[in-house]
Amino acid sequence: DAEITQSPRHKITETGRQVTLACHQTWNHNNMFWYRQDLGHGLRLIHYSYGVQDTNKGEVSDGYSVSRSNTEDLPLTLESAASSQTSVYFCASSWTGEETQYFGPGTRLLVL
Amino acid sequence: AQSVSQHNHHVILSEAASLELGCNYSYGGTVNLFWYVQYPGQHLQLLLKYFSGDPLVKGIKGFEAEFIKSKFSFNLRKPSVQWSDTAEYFCAVNKGYGGSQGNLIFGKGTKLSVKP
């Protein structure tokens, strides 16, 4: 079955380190998204991509970057991790013309 | 800027009680509307969606929602909740471009706790 996976599921890192969270989908969806989920804020969009080589900033993009070299993957990089980036990160994907987004299982990140 | 408001942060109900969760959005144009559910420890799953047509939409597990354009609302309802409905519920909106992409704007979520 087609699916969307995220790795790692849990990560502990130190302030200042670079961290990359992986997102892989097998639906061949054009669109991919990264969100962070924090108590009291719901889900907020970090970055998104509408296709290979396309990336765009979302509402809370500072300190994060993405790259899209193929259809299946959209890795999220925290260039220099900060304690404020402790959160749960969700990746999602959707098909162009189909507005429903499908979510991955999430990555719980703790920055010490 | 678009925004989505969910009126209740935490709702506690007994089994068999009726549920209504409020959702209002701020965008004045054509919109697509969604309710997602997140069971404890799990990822978000689509509960139901509205793109056009009948404003009363039915989703999985007996949930339904009604789009009232004049009130900018998309409230979620279920006549009789079960303990297994304990979860967090998110309302989301994107601009309806008729088939093109649109970024989802989420509400802050409503946590539902159902007492057995």
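The structure displayed is predicted, hence computed values, not measured ones. (Residues numbered from 1 in each chain as written. Chains lettered and ligands numbered in written order. Predicted model: local features only at pLDDT ≥ 70, side-chain atom pairs only at ≥ 80, totals over all residues. Heavy atoms only, no water.)

### Examining the overall build of chain B
The number of helices and strands found in chain B is zero helices and twelve strands. In chain B, the succession of α and β elements from N to C terminus is β-β-β-β-β-β-β-β-β-β-β-β. For chain B, whose C-alpha radius of gyration is 14 Å, the value lies close to the compact-globule estimate of 13 Å for 116 residues. In terms of its C-alpha atoms, chain B occupies a principal-axis envelope of roughly 45 × 25 × 20 Å. Once local pairs closer than 6 in sequence are excluded, the contacts in chain B between residues at least 24 apart make up 56%. Carbon and sulfur atoms provide 52% of the accessible area of chain B, an area that totals close to 5,600 Å². Separation of charge centres in chain B, based on 11 positive and 7 negative side chains, amounts to 6 Å. (Helix = DSSP H or I, 4+ residues; strand = E, 2+ residues; numbered from the N terminus. Rg over C-alpha atoms; globule rule 2.2 N^0.38 Å. Contact = heavy atoms within 4.5 Å. Areas by Shrake-Rupley, 256 points an atom, 1.4 Å probe, with all protein chains shown as cover. Lys, Arg positive; Asp, Glu negative; His and termini not counted. Charge placed at Lys NZ, Arg CZ, Asp CG, Glu CD.)

### Some words on the side chain of Thr 77 of chain A
All names here are of chain A. Among the structural elements, Thr 77 can be located in strand β8 (residues 76-78). The exposure class of Thr 77 is buried, given its relative accessible area of 16%. Here the side chain of Thr 77 touches Thr 20 through a polar contact of 3.2 Å, side chain to side chain. The contact partners of Thr 77, leaving out residues within four places of it in the chain, are Gln 18, Val 19, Thr 20, Gly 63, Tyr 64 and Ser 65. (Buried < 20%, exposed > 50% of the residue type's maximum accessible area, 1.4 Å probe, protein only. Polar contact = N/O pair within 3.5 Å; in protein donor to acceptor, adjacent residues only side chain to side chain.)

### Remarks on the sheet that holds strand β7 (residues 64-66) of chain A
Adjacent strands of a sheet form backbone hydrogen bonds with each other and so pair up, either parallel or antiparallel. Residue and element names in this part refer to chain A. Strand order in the open sheet formed by four strands is β1-β3-β8-β7, with antiparallel pairing between adjacent strands. Edge positions in the sheet fall to β1 (4-7) and β7, since each has one partner strand and no second. Between one strand axis and the next, the sheet turns through 20 degrees on average, direction left out of account. (Pairing = 2+ DSSP bridges. Axes fitted to C-alpha atoms, helices over the stretch in contact; angles between N-to-C directions.)

### Some remarks on the interface of chain A and chain B
Taken together, the contact pairs 21 residues of chain A with 21 residues of chain B. Both sides together, the interface formed by chain A and chain B hides about 1,800 Å², and carbon and sulfur atoms give 52% of it. Viewed at the interface, chain B and chain A are joined by zero salt bridges. Across the chain A-chain B interface, the total number found is three residue pairs in polar contact (both at pLDDT 80 or more). The set of elements that each furnish at least two residues to the side of chain A that touches chain B consists of β4 (31-38) and β5 (42-51) of chain A. (Buried area = accessible area lost by both parts, 1.4 Å probe. Salt bridge = Lys/Arg side-chain N within 4 Å of Asp/Glu carboxyl O.)

### Comments concerning a nonpolar patch on the surface
All names here are of chain A. On the surface, Ile 12, Leu 110 and Leu 112 cluster together into a nonpolar patch covering about 310 Å² of accessible area. The residue Leu 112 is located in the segment after β11 (107-111) in this model. Given the relative accessible area of 60%, Leu 112 is considered exposed. (Patch = residues over 30% accessible without salt bridge, like charges linked within 9 Å, V, L, I, M, F, W, Y side chains within 5 Å.)

### Notes on the pattern of salt bridges
All names here are of chain B. Counted under the stated rule, the structure contains seven salt bridges over all chains. Between Glu 66 and Arg 77 there is a salt bridge whose closest N-O contact spans 3.2 Å. Remark: Arg 77 occurs in strand β9 (residues 73-78) and Glu 66 occurs in strand β8 (residues 64-68); sequence separation between them is eleven residues. A relative accessible area of 28% places Glu 66 in the partly exposed class.

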